[in-house]
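# Structural characterization, general
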Amino acid sequence: MPRRMPQQNLRKLLEALAAREIGPQPTFQKFEFLDLFLILDKEGLIGRKRLSERLGIGEGAVRTMLQRLKAESLIEVMGRGGCRLSEKGAKLVNSLKMVLRDVGSVNLKLPWNYPSNYVVIVRNAAESVKKGLEQRDEAIRAGARALMVLTYVNGRLMMPGVADLTSEKPDFASSLVNLLKPEEGDVILISAGDSVREARRGALAAAQTLF
């Protein structure tokens, strides 16, 4: 499966949506729009107040985000019922889900004591990871407390530039592989935070560096 969706365009779209506009407009991060797309896909029809709660940002900022999606014909506004993805938006998100698995929190012993974790998997992106420093930096900037970057290559779970976990931590590697069932070339991003939302933001911020 090709890694870079005809969504190379996705990165360009996220950059365009997050770009600061003239005037007193709020500043957004690309992963916040990525988060918004995934929430809209899961929820179907959803109101601005609920989106504000899910995203962890104010209703005014959510209004601006939705205005930008509407300008790109990516959502339909359904009066007081809220909004939903348009046909164009749904096609975009379906393409996104071909390269991004939004796994969620996992019940697994991890090498930290933070209360929450969140996992996303980026398909066939292992070659784009060096030592995972870029991904960790983005996750921390987004509010996460830690990030583990793993690749699945030749049937082995690797911490790029650091360790072959299949050899060095076989029990941990086996439990992760059995739980997440990665495919060849996948990148597994496990983010930690003081809340699930915090960890999710970190995971998505790291993921968008790999599109």
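Each chain carries its own residue numbering, running from 1 in the direction its sequence is written. Residues qualify for local features only when their pLDDT is at least 70, as the model is predicted, and side-chain atom pairs are given and counted only at 80 or more; totals for whole chains, interfaces and linings, by contrast, use all residues. The basis for every side-chain value is the complete set of non-hydrogen atoms in the structure, without hydrogens or water.

### Brief notes about the environment of Asn 9
Within the secondary structure layout, Asn 9 lies in helix α1 (residues 8–18). Burial status follows relative accessibility: with a 1.4 Å probe on protein chains alone, a residue under 20% of its type maximum counts as buried, one over 50% as exposed, and anything between as partly exposed. Residue classification places Asn 9 among the partly exposed positions, given a relative accessible area of 44%. Asn 9 sits 115 residues away from Asn 124 along the chain, and the two C-alpha atoms are 17 Å apart. Here a strand is any run of E in DSSP of at least two residues, a helix any run of H or I of at least four, and the numbering for each starts at the N terminus.

### Re the packing of helix α2 (residues 30–43) against helix α5 (residues 87–97)
For the pair α2 and α5, interaxial distance at closest approach is 10 Å and the crossing angle is 105°. Classified by the interaxial angle, the pair formed by α2 and α5 is roughly perpendicular. Judged by residue contacts, Leu 34, Phe 37, Leu 38 and Asp 41 of α2 engage Leu 92, Val 93, Leu 96 and Lys 97 from α5. Note on residue classes: Ala, Val, Leu, Ile, Met, Phe, Trp, Tyr, Cys and Pro are nonpolar, Asp, Glu, Lys and Arg are charged, and everything else, Gly too, is polar. Partitioned by chemical class, the residues of the contact of α2 with α5 number 6 nonpolar, no polar and 2 charged. Helix axes are fitted only over the stretch in contact, all axes being lines through C-alpha atoms; the angle between N-to-C directions runs from 0 to 180 degrees. Roughly parallel refers to an angle under 35 degrees, roughly antiparallel to one over 145, roughly perpendicular to one between 65 and 115, and oblique to any angle outside these ranges. Contacts were defined at the residue level, with two residues in contact if any of their heavy atoms lie within 4.5 Å.

### Here we look at the side chain of Arg 200
By the element assignment, Arg 200 lies in helix α9 (residues 196–207). Beyond its immediate stretch of four places on either side in the chain, Arg 200 contacts Asp 35, Leu 38, Ile 39, Asp 102 and Tyr 118.

### So, the pairing of strand β5 (residues 146–153)
With 7 of its 8 residues buried, β5 lies for the most part within the structure. The pairing of β5 with strand β8 (residues 187–193) spans 6 bridges and is classified as antiparallel. From the neighbouring strand, Met 148 faces β8, where its bridge partner is Ile 190. In short, DSSP must find at least two bridges between two strands for them to pair. Counting the residues in the hairpin turn of β5 and strand β6 (residues 156–159) gives 2 residues, including Asn 154, whose phi is positive at 55°.

### Topic: the pattern of salt bridges
We define a salt bridge as a side-chain nitrogen of Lys or Arg found within 4 Å of a carboxyl oxygen belonging to Asp or Glu. The final tally for this structure, using the stated rule, is 15 salt bridges. Between Arg 54 and Glu 43 there is a salt bridge, with its nearest N and O atoms 2.5 Å apart. Of this pair, Arg 54 sits in helix α3 (residues 48–55) while Glu 43 is found in helix α2, placing the two residues 11 residues apart along the sequence. Residue Glu 53 pairs with Arg 50 through a salt bridge whose shortest N-O separation is 3.5 Å. Residue Glu 53 and its partner Arg 50 are both found in helix α3; the two are separated by 3 residues, about one turn of the helix. You can call Arg 50 partly exposed: its relative accessible area is 40%. Each of Asp 35, Asp 102 and Arg 200 takes part in salt bridges that share partners, so that together they form one network.

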